[in-house]
Amino acid sequence: MHDKELIKDLQRKALLIRKYVVDSVYRAGSGHPGGSLSIADILSCLYFHEMRHDPKNPKWPDRDRLVLSKGHACPALYAALAMSGYFPVEELKNLRKTGHFLQGHPCMKKVPGVDMSTGSLGQGLSAAIGMAIAGKLDKKDYRVFVIMGDGEMDEGQVWEAAASASHHSLDNLIAILDRNGLQIDGHTEEILNIEPIQWRWRAFGWDVIEVDGHNIEEILDAIHEADRNAKPTLIIAYTIKGKGVSFMEGSLSFHGKPPSKEQYIKAMSELNQAEEELND
Amino acid sequence: MISAKITDKMRNLRDGYSSALIKLGYENENVVVLDADLALSTKTKRFGTIFPDRFFDCGISEANMMGMAAGLATCGKIAFASSFAVFATGRCYDQIRQSVAYPELNVKIVATHAGISVGGDGASHQMIEDMALMRALPNMRVIAPADAIEVEDVIPAIASIPGPFYVRMGRADAPVIFSRHNRFRVGKAKLLRKGDDVAIISTGTMTAEALKAYDLLKKEGIGARVIHMPTVKPVDRKEVMKAARDTGAIVTCEEHTVIGGLGGAVSRAMSEDPVPMIRIGINDTFGESGEAAELVKKYGLTADNIAKTAKKVMKVRR
């Protein structure tokens with residue numbers, strides 16, 4: 001059982017991440033709200049409870065690392081980083097703007113706290129493996145987290161990496177699959193069937209845990225279980241694309257489209273209302 | 001001027017690579033080496049035998065290898081990633097672009113079996129556009145050493161400079177032309193022969209042919225300047241401009257397509273004040289199976305052709 005206040009706090013922070021996602025994508029006039037909203041709870045658990053990190057020392061060698069392999073969901077990552085103190089939250093208003101540092105996809109050279117540049121799908125797990133191996137070589141106890149999308153499972157490199165991680169027995173590697181069921185062109189099962197996804201990963205030598213990706217307690221439990229595993233672990237987080245904004249939930253069109261002004265007002269009022277209910 | 005001469009001594013550049021890697025391995029524990037199931041051919045296996053904990057044979061998965069190298073580099077490692085040139089660049093171009101070059105990580109891609117002299121394996125394995133691909137990437141530097149001695153200089157030099165590098169070598173044994181170490185600087189040309197009639201600018205093992213061409217031209221009373229350009233990017237613009245000014249006629253030589261490699265780099269370097277120039281290389285065509293020596297002749301990568309071409313370009317000099 002987790003402390004009720006902790007759960008509530010992480011839920012509150014996930015809601016705040018969602019508000020920043022909607023706000024920054026709206027102001028940017030482009031971006032990917034759907035897949036950002038689906039990982040808000042996961043990021044809240046990682047940055048505000050699970051990960052060992054120091055916003056004042058972003059390159060701290062002993063820190064836990066996070067590779068956002070589904071780089072297009074960076075509005076959520078930027079929100080979590082800003083809320084952690086890596087940079088002022090005001091910067092979130094400058095997402096995707098010329099001359100500002102918050103790029104449309106994560107750039108580790110420009111954004112403090114970003115552990116790996118991503119954007120071209122399927123590459124994050126390989127980099128995370130390199131980081132996990134470096135940790136073993138240097139006898140450090142940090143963990144490496146990587147968040148992948150389910151559309152990304154189509155990429156061949158993911159499976160090269162899946163084999164490599166278990167080959168090297170990387171028990172310090174925890175991958176989280178944002179299983180929201182949608183990719184740009186449609187439902188994942190209609191575009192390219194990836195099921196039975198958990199058995200595919202098990203066959204590649206991974207431990208697999210399935211959770212509700214919007215349930216803080218389940219996410220935390222899964223990470224703790226992963227910590228005890230001797231193999232690399234994949235947490236399949238069943239999520240809803242666009243989670244938290246009624247008209248974005250399960251919507252294909254909000255994969256890579258910002259809300260209109262009316263939609264923005266409605267989205268923010270829904271999220272504000274959810275916040276009030278949580279605080280009641 | 002740097003001393004260079006053709007001797008009978010032949011050495012494989014890959015032997016220079018493995019000896020340099022092992023030396024680095026002893027000196028710096030952050031050096032790690034990755035390969036993609038070609039460790040016997042690239043000779044990285046020798047490093048792996050001595051430093052098994054710092055050697056990773058990734059299997060036949062170049063894309064994953066480049067990503068792993070990038071991840072290791074984010075943690076302070078100097079990651080050497082090796083395979084045949086065709087696989088180390090073309091097969092994983094996007095991984096190099098996104099995970100290595102864009103974040104400017106400390107990954108050194110060292111490729112072997114570049115060029116047409118791969119021989120019998122044929123066009124599928126004869127990488128002729130690797131320098132063009134790598135040159136086009138921001139943050140990437142491109143080096144083609146002339147002999148095993150130079151390889152032994154290049155490897156520690158690039159290990160000491162943070163950021164991505166691409167180094168290409170061929171498969172075949174090549175004449176040892178340098179007698180001394182420590183003559184390599186990234187971005188610096190090596191003046192090997194003085195002359196003001198025509199300039200021959202070459203890279204990689206083609207430089208041995210350029211030296212032979214110098215002798216052929218000398219017999220005809222033509223003074224050729226021979227410049228070895230180990231660093232194709234950033235090319236030594238100063239030395240190119242000087243050669244253009246002094247000689248007014250340039251030949252470039254590379255075992256690579258004439259598009260986007262050394263010829264491209266030299267053209268670009270003197271584009272504001274150009275002189276006539278002819279590029280020797282593979283003329284926008286794929287290779288084929290055959291004996292290395294025969295292929296090199298068939299595709300004009302010889303001293304004879306360099307000398308002939310030098311006289312041709314002198315005729316159109318203004």
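Right, let's walk through the structure included here.

Procedures and definitions
- Residues numbered from 1 in each chain as written.
- Chains lettered and ligands numbered in written order.
- Predicted model: local features only at pLDDT ≥ 70, side-chain atom pairs only at ≥ 80, totals over all residues.
- Helix = DSSP H or I, 4+ residues; strand = E, 2+ residues; numbered from the N terminus.
- Rg over C-alpha atoms; globule rule 2.2 N^0.38 Å.
- Buried ≥ 20, exposed ≤ 12 C-beta atoms within 10 Å, placed from the backbone.
- Contact = placed C-beta atoms within 7 Å.
- Expected span 1.5 Å × (residues − 1).
- Arc of directions from axis to C-beta.
- Pairing = 2+ DSSP bridges.
- Axes fitted to C-alpha atoms, helices over the stretch in contact; angles between N-to-C directions.
- Nonpolar A, V, L, I, M, F, W, Y, C, P; charged D, E, K, R; others polar.
- Core = buried A, V, L, I, M, F, W, Y, C linked by C-beta atoms within 7 Å.
- Domains from an automatic or database assignment.
- Parallel < 35°, antiparallel > 145°, perpendicular 65-115°, else oblique.
- Left-handed = near helix turned anticlockwise from the far one by under 90°.

Turning our eyes to something else, we now look at the overall build of chain B. Regarding its fold elements, chain B presents 13 helices and 14 strands. Taken over C-alpha atoms, the radius of gyration comes to 19 Å for chain B, in line with the 20 Å a tight globule of 318 residues would show. Each principal axis of the C-alpha atoms in chain B carries an extent, and together these give about 60 × 40 × 35 Å. Going through the 318 residues of chain B one by one, you find that 60% of them count as buried.

With that settled, the discussion passes to the overall build of chain A. Helix and strand content of chain A: 10 helices and 7 strands. Since a compact globule built from 280 residues should have a radius of gyration of about 19 Å, the 18 Å found for chain A is in line with a globular shape. Along the first, second and third principal axes, the C-alpha atoms of chain A reach 50 × 45 × 45 Å. Put simply, chain A has 280 residues, and 51% of those count as buried. At a minimum sequence separation of 6, the contacts of chain A that also span at least 24 residues come to 75%.

Moving on, we come to helix H13 (residues 303-315) of chain B. Residues and elements named next belong to chain B. Taking 1.5 Å of rise per residue, the 13 residues of H13 would be expected to cover 18 Å, and the 19 Å separating its terminal C-alpha atoms lies within 8% of that figure. Looking at H13, one finds that the buried residues are Ala303, Ile306, Ala307, Thr309, Ala310 and Val313. In a view along the axis of H13, the buried residues occupy a sector of 165°, so they form one face of it. Along its buried surface, H13 packs onto strand E10 (198-202), helix H9 (206-219), strand E11 (224-228), strand E13 (250-257) and strand E14 (277-282).

What follows is about the sheet that holds strand E3 (residues 173-179) of chain A. Residue and element names in this part refer to chain A. With parallel pairing, 5 strands are arranged side by side in an open sheet as E1-E2-E3-E7-E6. Looking along the sheet, the strands with just one partner apiece sit at the ends: strand E1 (65-68) and strand E6 (207-212). Averaged over all adjacent pairs, the angle separating strand axes in this sheet is 20°, with direction ignored. Against the sheet, helix H5 (residues 124-137) makes contact with E1, strand E2 (144-149) and E3, and its axis sits at roughly 170° relative to E2, the strand it touches most.

In this section: the environment of B:Glu29. Locating B:Glu29 in the fold gives a position in the loop between helix H1 (13-27) and strand E2 (31-35). On the basis of neighbour counts, which here come to 13 C-beta atoms within 10 Å, the residue B:Glu29 falls in the partly exposed class.

Attention now moves to the interface of chain A and chain B. Counting residues at the interface gives 21 residues for chain A, matched by 22 residues for chain B. Contributions of two or more residues to the side of chain A that touches chain B are made by H5 and helix H6 (156-167) of chain A. Counting residues per element, the side of chain A that touches chain B draws most heavily on H5(A), which supplies 9 residues. Its residues assigned to classes, the side of chain A that touches chain B comprises 10 nonpolar, 8 polar and 3 charged.

This paragraph deals with the nonpolar core. Counting 195 residues, the largest nonpolar core has A:Ile235, B:Leu34, B:Ala69 and B:Ile200 as the members making the most contacts within it. Counting contributing residues per domain, this core is built from domain 1 (10-175) and domain 2 (190-315) of chain B, each supplying no fewer than three. Look past the residues within four positions of A:Ile235 in its chain and what remains in contact with it is A:Ile174, A:Ile176, A:Leu177, A:Ile209, A:Val211, A:Ala222 and A:Ala226.

Two elements in contact, H5(A) and helix H4 (residues 62-74) of chain B, have axes separated by 6 Å at closest approach and are oriented at 45°. By the angle between their axes, H5(A) is oblique relative to H4(B). The interaxial crossing formed by H5(A) with H4(B) has right-handed handedness. Between H5(A) and H4(B), the contacting residues are A:Ser126, A:Ala127, A:Ala128, A:Ile129, A:Gly130, A:Met131, A:Ile133 and A:Ala134 on the first element and B:Asn64, B:Gly67, B:Met68, B:Ala69, B:Ala70, B:Gly71, B:Leu72 and B:Thr74 on the second. Looking at the contact of H5(A) with H4(B) residue by residue, the class counts come to 10 nonpolar, 6 polar and no charged.

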